[in-house]
Amino acid sequence: MSPIPIPYFLLGWLSGVFVNLLADTLPVTRRVWPPVCPRCKTAQSWRGALGLARVYGACGHPRSLRSWVLPPAGAAGALLLWLYPPARFGFWAAWAILTYFAVVVVIDVEHRLILHPVSWAGAALGVALGVWRHGLGSTLLGGAAGYAVMLGLYAFGAFFSRWMARRRGEPLDEVALGFGDVNLAGVTGLFLGWPGVAAGLILAILLGGVVSGGYLLWMAARRRYRAFAAIPYGPFLALAAVWLLLWA
Ligand SMILES: [Zn+2]
């Protein structure tokens, strides 16, 4: 470990820039390159992309709050990882895990999407880190278990929404659980391995239930109660996996 944290600061800043580029561009153009302004799809300037300008580029659209926050947050995160490296993973693996799940969470929160290329990249990273930490058998079993359990929940959610819609004589408008969540559960299972995936799923479902329950209560208090609202599991799966991998 270097006695000087400046390289870590820069590395963290660049991870924030990287997450911004993917989150701005991938859901809008379905491509990684070139990075675009998410509002009008014109190219970002290099200063905008690096987080050093008020606007994305020549279009003059102001950068989103998220694109301001992520580079310094990444720098702070890398400095924290350097100061307190997680026990089971060294700095580099922990940094890759945090950067990957930041991409997943930001895109999922902003677009309610877990994109296939992001899931495939996660599967590759999860297999590499999983085989290194738990061996091939545990990694594949963890991935299969995560995928199967979430697929079961997905099927149940789809059945339940259809049943509710028919009972209330309404058209079906929302699926309880997106299929991206199923892919992400498989990916987190690869990272966590077997039996770690069980703890990851339980923690994610509990977190999702508590937060969604709190949200429903808050809406009810404001008399905007909806009887049935979809729970977005993606961010909770990601949070649970990061917590268990790095700090549990
Ligand atoms: Zn623009």
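Here the structure is a predicted model, which is why all the values come from computation and not from measurement. (Residues numbered from 1 in each chain as written. Predicted model: local features only at pLDDT ≥ 70, side-chain atom pairs only at ≥ 80, totals over all residues. Heavy atoms only, no water.)

Trainee: Outline the packing of helix 4 (residues 91-111) against helix 9 (residues 234-246), listing residues and values.
Mentor: The N-to-C vectors of helix 4 and helix 9 enclose an angle of 165°; their axes lie 9 Å apart at closest approach. One element, helix 4, and the other, helix 9, form an angle in the roughly antiparallel class. Relative to helix 9, the crossing made by helix 4 is left-handed. Listed contacts from helix 9 to Ala 94, Ile 97, Leu 98, Phe 101, Val 105, Asp 108 and Val 109 of helix 4 are Gly 234, Pro 235, Ala 238, Ala 241, Val 242, Leu 245 and Leu 246. Residue composition of the contact of helix 4 with helix 9, grouped by class: 12 nonpolar, 1 polar and 1 charged. (Axes fitted to C-alpha atoms, helices over the stretch in contact; angles between N-to-C directions. Helix = DSSP H or I, 4+ residues; strand = E, 2+ residues; numbered from the N terminus. Parallel < 35°, antiparallel > 145°, perpendicular 65-115°, else oblique. Left-handed = near helix turned anticlockwise from the far one by under 90°. Contact = heavy atoms within 4.5 Å. Nonpolar A, V, L, I, M, F, W, Y, C, P; charged D, E, K, R; others polar.)

Trainee: Lay out the pattern of salt bridges in plain terms, naming residues and giving numbers.
Mentor: Any two side chains of opposite charge can pair, given that their charged atoms come close. In total, this model carries 2 salt bridges according to the counting rule given. With its nearest N and O atoms 2.9 Å apart, the salt bridge here joins Asp 24 to Arg 66. On the criterion of sequence distance, the pair formed by Asp 24 in helix 1 (residues 6-29) and Arg 66 in helix 3 (residues 65-83) is long-range, its members being 42 residues apart. Given the relative accessible area of 2%, Asp 24 is considered buried. The partner of Arg 66 in a salt bridge is Glu 110, with the nearest N and O atoms 2.8 Å apart. Note that Arg 66 is positioned in helix 3 and Glu 110 in helix 4, a separation of 44 residues in sequence. By relative accessible area, which is 37% here, Glu 110 ends up partly exposed. (Salt bridge = Lys/Arg side-chain N within 4 Å of Asp/Glu carboxyl O. Buried < 20%, exposed > 50% of the residue type's maximum accessible area, 1.4 Å probe, protein only.)

Trainee: Quick one: what's the story with the domain arrangement of the chain, residue by residue and with numbers?
Mentor: Partitioning the chain into domains gives domain 1 (1-84) and domain 2 (87-248). Here domain 1 and domain 2 have C-alpha centroids that lie 24 Å from each other. Taking both partners together, domain 1 and domain 2 bury about 1400 Å²; carbon and sulfur atoms supply 84% of that area. Summed over the shared surface of domain 1 and domain 2, the number is 1 salt bridge. Where domain 1 packs against domain 2, one counts 2 residue pairs in polar contact (both at pLDDT 80 or more). (Domains from an automatic or database assignment. Buried area = accessible area lost by both parts, 1.4 Å probe. Polar contact = N/O pair within 3.5 Å; in protein donor to acceptor, adjacent residues only side chain to side chain.)

Trainee: Can you explain a nonpolar patch on the surface? Please cite residues and give values.
Mentor: Together, Val 127, Val 131, Leu 136 and Leu 140 make up a nonpolar patch on the protein surface, roughly 310 Å² of accessible area in all. Relative to the assigned elements, Leu 140 resides in helix 6 (residues 136-168). With a relative accessible area of 48%, Leu 140 lands in the partly exposed category. (Patch = residues over 30% accessible without salt bridge, like charges linked within 9 Å, V, L, I, M, F, W, Y side chains within 5 Å. Areas by Shrake-Rupley, 256 points an atom, 1.4 Å probe, with all protein chains shown as cover.)

Trainee: I'd love a proper account of helix 6, names of residues and values included.
Mentor: In a regular helix each residue adds 1.5 Å, so 33 residues correspond to 48 Å; helix 6 covers 48 Å between its end C-alpha atoms and thus fits that length. For helix 6, the complete set of buried residues consists of Ser 138, Thr 139, Gly 142, Gly 143, Ala 145, Gly 146, Met 150, Gly 157, Ala 158, Ser 161, Met 164 and Ala 165. Taken together, the buried residues of helix 6 touch helix 5 (116-134), helix 7 (179-192), helix 8 (196-221) and helix 9. A positive phi of about 65° marks Gly 169, the residue just after helix 6. (Expected span 1.5 Å × (residues − 1).)

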